[in-house]
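# Analysis of the macromolecular model
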Amino acid sequence: MFCYQCQETAMGTGCILKGVCGKISEVSNLQDLLLFVVRGIAVYNERLREAGTPCEEADKFIYDSLFVTITNANFSRENITEKIKAGLQLKRELGKRVAVDNAPDECLWDGTEEEFAEKAETVGVLRTADEDIRSLKELVHYGLKGMAAYAEHAGNLGYKSAEIFAFMQHALVQLTRTDIGVEELIGLTLETGRHGVTAMAMLDAANTGAYGNPEISEVNIGVRNNPGILISGHDLKDLEELLQQTEGTGVDVYTHSEMLPAHYYPQLKKYKHLAGNYGNAWWKQKEEFESFNGPILFTSNCIVPPRSNASYKDRIYVTGACGLDGAFYIPERKDGQPKDFSAIIAHAKRCLPPVGIESGTITGGFAHAQVTALADKVVEAVKSGAIRKFFVMAGCDGRMKSRDYYTEFARRLPADTVILTAGCAKYRYNKLELGDINGIPRVLDAGQCNDSYSLAVIALKLKEAFGLDDINRLPIVYNIAWYEQKAVIVLLALLSLGVKQIHLGPTLPAFLSPNVTKVLVEQFGIGGISSVDEDLVKFLA
Ligand code: FS2
Ligand code: SF4
């Protein structure tokens, strides 16, 4: 195996024996093979699209498979093997419908399960010898994975975009090319960012269309005295159906990590048994799931494989793109019917109520509509000098000790600054008492990493309100934490909107070669972080 797609990659260079995330070598290789098959399907489907007859099943298979390979989504050998088999079958069918001249190996190769392991060894990241080409190809792949996650959640709410499917597949086709150069790949990277904005806007429309605009909300972080189900990941449709099916059963529903922003939506918070947010960011689950007592449902990435002696390992349910050997899989919707959550609900009834680990509330719900409603107040506070600067501290949290930087940075920001956040990075500081400025909380949580679009909209609205011609003239500093590939598409989206001087930490991606990093530094002013002391001086200057 060789995988360097996330921030926690081994030694800061690449996981080669086993993933720091827990992904075993065999699964990592199978994921590479799945991506290889997906690229072949994209080649065929692009031809079909040119002929005016794209295959919808291929559209779905492609984004679903990209999502499956995102960090912490799917650890199941069996599940990924089945996906490869289904992909090969789909590829055969597409091959009967359309001819491809000079077809790449991605189209030509076929094989049985016995042959998967050998082929997988040859189609991973290291298949590309040139480190800059490899770096850019992987950067695009990772951006597409993030985009696929957004497409999948939006798709579950009935929102689809032919433009996004066409671009995703076009990009995958370009990634099969062995003659593609650095310039072309840089162009493709920026194009990925542009389509990332479209995908994020679509997901925003899907979420707000289904559940209303997020509004300022107090979320309980304590527990009640009923059995509960803890739902993690990002899929709001799964949560809604779980809430509908648990209503009146005596089972409460709690959110973990990135499901927290569900509490901000009017059409979700109306459920009285949506009891609160339990615990912290994804990486703390090994301790927090022990004391939750009830079953846990993963709806998307954020899985940490449990230890062999974990008390909760028989209480794990997965659905959607998720996979974990030994976990109970809740099948997809069929014929317009909701998913069937009866097994997890029955399981919850046999469990004790959760043990409280915190008490009190946290406040969130500052997505673009809510902030726009407060715009006059915000603009006034900036004009009067009550707010000196905004710090976009969106992105991911993770296990590394170096991420204490973000808690310390937030704690030491002066009282006339406001943090704009989205993603699980917020757990580094959303329980600090940072106060407010004229009633505006100093931490404005727009939602999930999937809602980072809101931060872009807020910046564009502020630019308009201040009559500026350049988004970079706003008093906003970008100090973003990344971990996995959804943060990659957010970064590319921000670059495509013209945002410069983004600071990315706690470390720069291992997949950026020195030359590619140089381009990002020179063209976009991207930088890393240093110490809290140094950065406070630099960013406040
Ligand atoms: Fe957290 Fe980052 Fe889980 Fe998001 S690790 S913010 O992209 O997917 O949440
Ligand atoms: Fe390593 Fe991250 Fe890849 Fe997991 S996802 S194998 S931790 S680089």
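In every chain, residue numbers begin from 1 and rise along the written sequence. By the order in which they are written, chains take letters starting at A while ligands take numbers starting at 1. It should be noted that, the model being predicted, local features are given only for residues of pLDDT at least 70 and side-chain atom pairs only at 80 or more, the latter also being counted only at that level, while totals for whole chains, interfaces and linings use all residues. By convention in this description, side-chain values take in all heavy atoms of the structure and omit both hydrogens and water.

## Overview of the overall build of the protein chain
Applied cut-off: Elements are defined by DSSP. Helices are runs of H or I of four residues or more, strands are runs of E of two residues or more, and each kind is numbered from the N terminus. Computation of the radius of gyration draws on C-alpha atoms alone. For the globule rule, the value is 2.2 Å times the number of residues to the power 0.38. Type-normalised accessible area, obtained with a 1.4 Å probe on protein chains alone, sets the label of each residue: buried when under 20%, exposed when over 50%, and partly exposed for intermediate values. Residues are treated as being in contact if the distance between any of their heavy atoms lies within 4.5 Å. Each accessible area is a Shrake-Rupley estimate made with a 1.4 Å probe; only the visible protein chains count as cover when residues are assessed. As used throughout, the charge tally considers Lys and Arg to be positive and Asp and Glu to be negative, leaving His and the chain termini uncounted. Charge coordinates come from a single atom per side chain, which is NZ of Lys, CZ of Arg, CG of Asp or CD of Glu.
Within the protein chain, the regular secondary structure consists of 19 helices and 15 strands. The C-alpha radius of gyration of the protein chain comes to 23 Å, within 12% of the 24 Å expected for a compact globule of 541 residues. Oriented by its inertia axes, the alpha-carbon framework of the protein chain measures out at about 65 × 60 × 45 Å. Counting the 541 residues in the protein chain, one finds 61% classified as buried. A separation of at least 24 residues holds for 74% of the contacts in the protein chain among residues at least 6 apart in sequence. Carbon and sulfur atoms provide 51% of the accessible area of the protein chain, an area that totals close to 20100 Å². Averaging the coordinates of the 56 positive side-chain charges in the protein chain and doing the same for the 68 negative ones gives two points 3 Å apart.

## Some points on the packing of aromatic side chains
Which entries qualify depends on this criterion: Only Phe, Tyr and Trp rings take part, Trp by its six-membered ring, and two of them pair if their centres are within 6.5 Å. Stacked means planes under 30 degrees apart, edge-to-face means over 60, and tilted covers everything else.
Tallied over the entire structure, the rule returns 19 aromatic pairs. When the centroid spacing of 6.2 Å and the interplanar angle of 65° are considered together, the rings of F36 and W109 count as edge-to-face. Taken as a pair, F36 in helix α1 (residues 25-50) and W109 in the loop between α4 (105-108) and α5 (113-120) lie far apart in primary sequence, 73 residues in all. A relative accessible area of 14% means that W109 is categorised as buried. Members of the aromatic cluster, connected to one another through ring pairs, are F2, Y4, Y142, W482 and F511.

## A closer look at the site of ligand 1
Our working rule: Note on definitions. A residue lies near a molecule or strand when any single heavy atom of the residue is within 4 Å of it. Pairs of N or O atoms within 3.5 Å make up the polar contacts considered here, provided that, within protein, one atom can donate a hydrogen while the other can accept it, and that residues adjacent in sequence are counted only when both atoms are side-chain atoms. All amino acids are sorted into three groups, where Ala, Val, Leu, Ile, Met, Phe, Trp, Tyr, Cys and Pro are nonpolar, Asp, Glu, Lys and Arg are charged, and the leftover types, Gly among them, are polar. Boundaries of every domain are those given by an automatic assignment or by a domain database.
Around ligand 1 sit 13 residues, and of these C302, C396, C424, C449 and E484 come closest. At 2.8 Å, a side-chain N or O of N301 approaches an oxygen atom of ligand 1. K486 places a polar side-chain atom, nitrogen or oxygen, 3.5 Å from an oxygen atom of ligand 1. Within the shell around ligand 1, the residues separate by chemical class into six nonpolar, four polar and three charged. In this structure, the shell around ligand 1 is formed jointly by two domains, domain 2 (217-332) and domain 3 (368-540), each of which donates at least three residues.

## A closer look at the domain arrangement of the protein chain
Much of the literature gives interface size as the accessible area that the parts lose upon coming together. As a reminder, the rule being used: Note: buried area is the sum, over both parts, of the accessible area (probe 1.4 Å) each one loses when the two are combined.
Segmenting the protein chain into domains produces domain 1 (10-210), domain 2 (217-332) and domain 3 (368-540). Placing a centre on the C-alpha atoms of domain 1 and another on those of domain 2 gives a separation of 28 Å. When domain 1 packs against domain 2, the two sides together hide about 1500 Å² of surface, and 53% of this comes from carbon and sulfur. Of all residues in domain 1, N72, F75 and H153 bury the most surface against domain 2, accounting for 31% of the area lost on that side. Among the secondary structure elements, those contributing two or more residues to the side of domain 1 that touches domain 2 are α2 (56-68), α3 (77-97), α6 (131-156) and α8 (182-211). Split into classes, the residues belonging to the side of domain 1 that touches domain 2 amount to eight nonpolar, ten polar and four charged.

## Re the sheet that holds strand β7 (residues 328-330)
Using the following cut-off: At least two DSSP bridges between two strands are needed for those strands to be called paired. Lines fitted to C-alpha atoms define the axes, with helix axes restricted to the stretch in contact, and inter-axis angles between N-to-C directions lie between 0 and 180 degrees.
Read from one edge to the other, the open sheet built from six strands follows the order β4-β3-β2-β5-β6-β7, with strand pairing classed as parallel. The sheet terminates laterally at β4 (274-277) and β7, the two strands that pair on one side only. Across the sheet, the mean angle from the axis of one strand to that of its neighbour is 25°, orientation sign disregarded. With three bridges joining them, strand β6 (residues 316-319) and β7 adopt parallel strand pairing. Within β7, the position partnered with Y317 by the bridge is F328. Of the strands in this sheet, β2 (228-232), β3 (252-255) and β5 (296-298) are in contact with helix α11 (residues 285-292), which crosses β2 at around 160°.

## Thoughts on a negative patch on the surface
Convention followed: A residue counts toward a patch only above 30% relative accessible area and without a salt bridge, and it is joined to like-charged neighbours within 9 Å or, for Val, Leu, Ile, Met, Phe, Trp and Tyr, to nonpolar neighbours within 5 Å. Note on definitions: salt bridges are taken to be side-chain nitrogens of Lys or Arg within 4 Å of carboxyl oxygens of Asp or Glu.
There is a patch of like negative charges on the surface, built from E114, E115, E118 and E121. Its place among the elements puts E115 in helix α5.

## Some remarks on the UniProt feature "modified residue: Cysteine persulfide" (unreviewed entry) in the protein chain
Selection rule: UniProt positions are given in the numbering used here, feature names are shortened, and annotations may be inferred rather than shown by experiment.
Within this numbering scheme, the UniProt entry marks C396 as carrying the feature "modified residue: Cysteine persulfide" (unreviewed entry). Along the chain, C396 turns up in the loop between β9 (389-392) and α15 (404-412). Under the relative-accessibility criterion, C396 is labelled buried at 5%. Sequence-distant contacts of C396, that is, excluding residues within four places in its chain, are made with R403, C424, A425, A481, W482, Y483, E484 and A487.

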